[in-house]
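What follows is each chain in one-letter form.
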Amino acid sequence: MGLLAVGGPRFVEKVDLQRYEITRRLGSGADYDVRAAIDRETGTEVALKRPVPQAVSRKQHGAIEARTERLLAAYDRAGDAGGLLAPVLGYADTAVHDDFFGEDLGEPYTVFVQELAPGIPLLGDMMSRFTGVPIGAGQNLFAMFPLIQANGAPPFPVHNQLLDLEQSYLEAGFILMDLRPQNVFYQPGAARIQVIDSGALAGINDPAPRGRPPLDVNDACLELLKFYSTPDEPPQDAAGYRDARGVRPIVNIQQELMEIRRSLLGSGDEVSASAEVILSKIESRSYSDYKPFRTDLAAFLGAISGRNRGLDEFESARAAWREALDWLRGDYWTRFKFDADTELAVYAD
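Just so it is clear, the model here is predicted, and its values are computed rather than measured.

A. How the structure looks around the overall build of the protein. Of the regular secondary structure elements, the protein holds 11 helices and 10 strands. For 349 residues, the compact-globule formula gives about 20 Å, and the C-alpha radius of gyration of the protein, at 20 Å, lands near that figure. Overall size of the protein, expressed as C-alpha extent along the three principal axes, is 60 × 45 × 35 Å. Relative to its 349 residues, the protein shows a buried fraction of 54%. Excluding contacts between residues fewer than 6 apart, the proportion of contacts in the protein whose partners are at least 24 apart in sequence is 69%.

B. Just the packing of helix 6 (residues 217-228) against helix 9 (residues 290-309), in detail. At a closest axis distance of 11 Å, the pairing of helix 6 and helix 9 adopts a crossing angle of 25°. When the axes of helix 6 and helix 9 are compared, the pair comes out roughly parallel. Every pair of crossing elements has a handedness; the one defined by helix 6 and helix 9 is right-handed. Residues Val-217, Ala-220, Cys-221, Leu-224 and Leu-225 of helix 6 form the contact with helix 9, whose participating residues are Tyr-290, Phe-293, Leu-297 and Phe-300. Partitioning the contact of helix 6 with helix 9 into residue classes produces 9 nonpolar, no polar and no charged.

C. Local environment of the pattern of salt bridges. Summed over the entire model, instances satisfying the criterion amount to 28 salt bridges. Close ionic contact of Lys-226 with Glu-256 constitutes a salt bridge, the shortest N to O distance being 2.9 Å. Here the residue Lys-226 occupies a position in helix 6, and Glu-256 occupies one in helix 7 (residues 253-263), the gap between them amounting to 30 residues. Summarising the burial analysis for this pair, Lys-226 and Glu-256 share the class buried. Of the charged contacts, one joins Asp-341 and Arg-329 as a salt bridge, the two residues approaching to 2.9 Å between their closest N and O atoms.

D. Structural detail: the sheet that holds strand 8 (residues 184-187). Read from one edge to the other, the open sheet built from 3 strands follows the order 6-8-9, with strand pairing classed as antiparallel. Since the sheet does not close on itself, it has two edges, and those belong to strand 6 (120-121) and strand 9 (192-195), each with one partner.

E. Expanded view of the sheet that holds strand 1 (residues 20-28). The strand order 1-2-3-5-4 describes an open sheet built from 5 strands, whose pairing is antiparallel. Only two strands of the sheet have a single neighbouring strand rather than two, namely strand 1 and strand 4 (88-95). Neighbouring strand axes in the sheet, compared pairwise and without regard to direction, differ in orientation by 25° on average. Relative to strand 3 (residues 45-51), strand 2 (residues 32-39) is paired through 7 bridges, and the arrangement is antiparallel.

F. Layout of helix 5 (residues 157-171). Taking 1.5 Å of rise per residue, 15 residues should cover 21 Å, and helix 5 covers 21 Å from first to last C-alpha, within 8% of that figure. In terms of burial, helix 5 is a largely internal element, 11 of the 15 residues being buried. Buried residues of helix 5: Pro-157, Val-158, His-159, Gln-161, Leu-162, Leu-163, Leu-165, Glu-166, Gln-167, Tyr-169 and Leu-170, and no others. Two residues or fewer after helix 5 comes Gly-173, characterised by a positive phi angle close to 105°.

G. A look at the pairing of strand 3. Within strand 3, 6 of the 7 residues are buried, which leaves it mostly tucked inside the rest of the structure. Taking the residues that link successive antiparallel strands as the turn, the strand 2-strand 3 hairpin has 5 residues, and the phi of Gly-43 there is positive, at about 80°. Looking at chain direction, strand 3 and strand 5 (residues 109-115) are connected through 4 bridges and run antiparallel. If you follow Leu-48 over to strand 5, its bridge partner there is Val-113.

H. Representation of the pairing of strand 1 within the structure. Bridge count for strand 1 against strand 2 is 7 bridges, and the pairing is antiparallel. In the strand pairing of strand 2, Ile-22 is matched with Ala-37. A loop of 3 residues connects strand 1 with strand 2, the two strands running antiparallel in sequence.

I. Spatial organisation of unusual backbone geometry. Unusually for a residue other than glycine, Lys-59 sits at a positive phi of about 60°. Position of Lys-59 relative to the elements: it lies in the loop between helix 1 (53-57) and helix 2 (62-78). For Lys-59, a relative accessible area of 61% puts it in the exposed group. Here the phi dihedral of Asp-178 falls at roughly 60°; this positive angle occurs in a residue that is not glycine. In this fold, Asp-178 is placed in the loop between strand 7 (174-176) and strand 8. Of the residues examined, Asp-178 reaches a relative accessible area of 17% and is grouped as buried.

J. Representation of the packing of helix 4 (residues 137-144) against helix 6 in the model. Their axes nearest at 10 Å, the elements helix 4 and helix 6 cross at an angle of 110°. The angle between helix 4 and helix 6 falls in the class roughly perpendicular. Note on element contacts: helix 6 touches helix 4 through Lys-226, Phe-227 and Tyr-228, opposite Gln-139, Ala-143 and Met-144.

K. Looking closely at the confidence of the model for the protein. Here the protein averages 91 in pLDDT, while 97% of its residues score no lower than 70. Here residues 1-10 is modelled with pLDDT under 50, and outside its nearest four sequence neighbours on either side it reaches 20 contacts, counting other chains as well.

Parameters and conventions
Residues numbered from 1 in each chain as written. Predicted model: local features only at pLDDT ≥ 70, side-chain atom pairs only at ≥ 80, totals over all residues. Heavy atoms only, no water. Helix = DSSP H or I, 4+ residues; strand = E, 2+ residues; numbered from the N terminus. Rg over C-alpha atoms; globule rule 2.2 N^0.38 Å. Buried < 20%, exposed > 50% of the residue type's maximum accessible area, 1.4 Å probe, protein only. Contact = heavy atoms within 4.5 Å. Axes fitted to C-alpha atoms, helices over the stretch in contact; angles between N-to-C directions. Parallel < 35°, antiparallel > 145°, perpendicular 65-115°, else oblique. Left-handed = near helix turned anticlockwise from the far one by under 90°. Nonpolar A, V, L, I, M, F, W, Y, C, P; charged D, E, K, R; others polar. Salt bridge = Lys/Arg side-chain N within 4 Å of Asp/Glu carboxyl O. Pairing = 2+ DSSP bridges. Expected span 1.5 Å × (residues − 1). pLDDT = per-residue confidence, 0-100.

Okay, here's the thing in structure tokens:
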């Protein structure tokens, strides 16, 4: 039985949009426009998510509506995985919402409401890079090159919490895909993630996409490897932390595996060997659960960390890391539920 057979949202509360007052725009991605709003009944700040207006105005938002239906249906079954997924608070009926948003689109669509995720996105709004915002800072600082850990934080918290979320949804019958850094919020002080978009998912018995095997654990493992790890040596200049890395969607698995193998050239014997264990298992589609992948990924990340600590330039790399960390005190990040002084204090010398 495919996921769509669940029949849409059943337990997520239906809400009236008039109970919310929009306060500001949070951002816009390929599918969703996101606004912050105040819940007039509770006084809490929430996120309102709807199809991007450009797609609605062109009547091209059908796929986004289907994605929303799947997201809500899966949430009814699997929940928020102990807070690793931003809780869904409700949804408004599919309708024309022009009056509420002050627009003239003339097309019906669904709006759903989530808790406002604490922290910063690991990847900022792509359009903001044109104004000089270092949108890739979170991804690089806390996932790709975690040279300095928060006091008391476990090793590799981004990777392990993403795997916790994947494992939780797998046990409920789903493969969570497209967990790219723009969909992951991170609290540096607490070393805690919260994912804001679980719409790109598949039921474990869904039919295969055209021209490829059915989606399974191995596809999610490849995404986590691609979006959150690199065998590259850490930047010696803060500028190396500005831009996103490896966020292009995976289209061809074999091509992706080949590119990762190419990136391993010169990375060191232990790094290459531990990576090849993962790549070979993904290639043969050997992972059926996230637990063995977690073990293999820990070995790979540990090998990278050990190699980096042995570099002659390691201390200068850490200095570049700290310089890039201070970017998070900039105005761009204040739009999020994030207090830089509090969150970054745990990285003080």
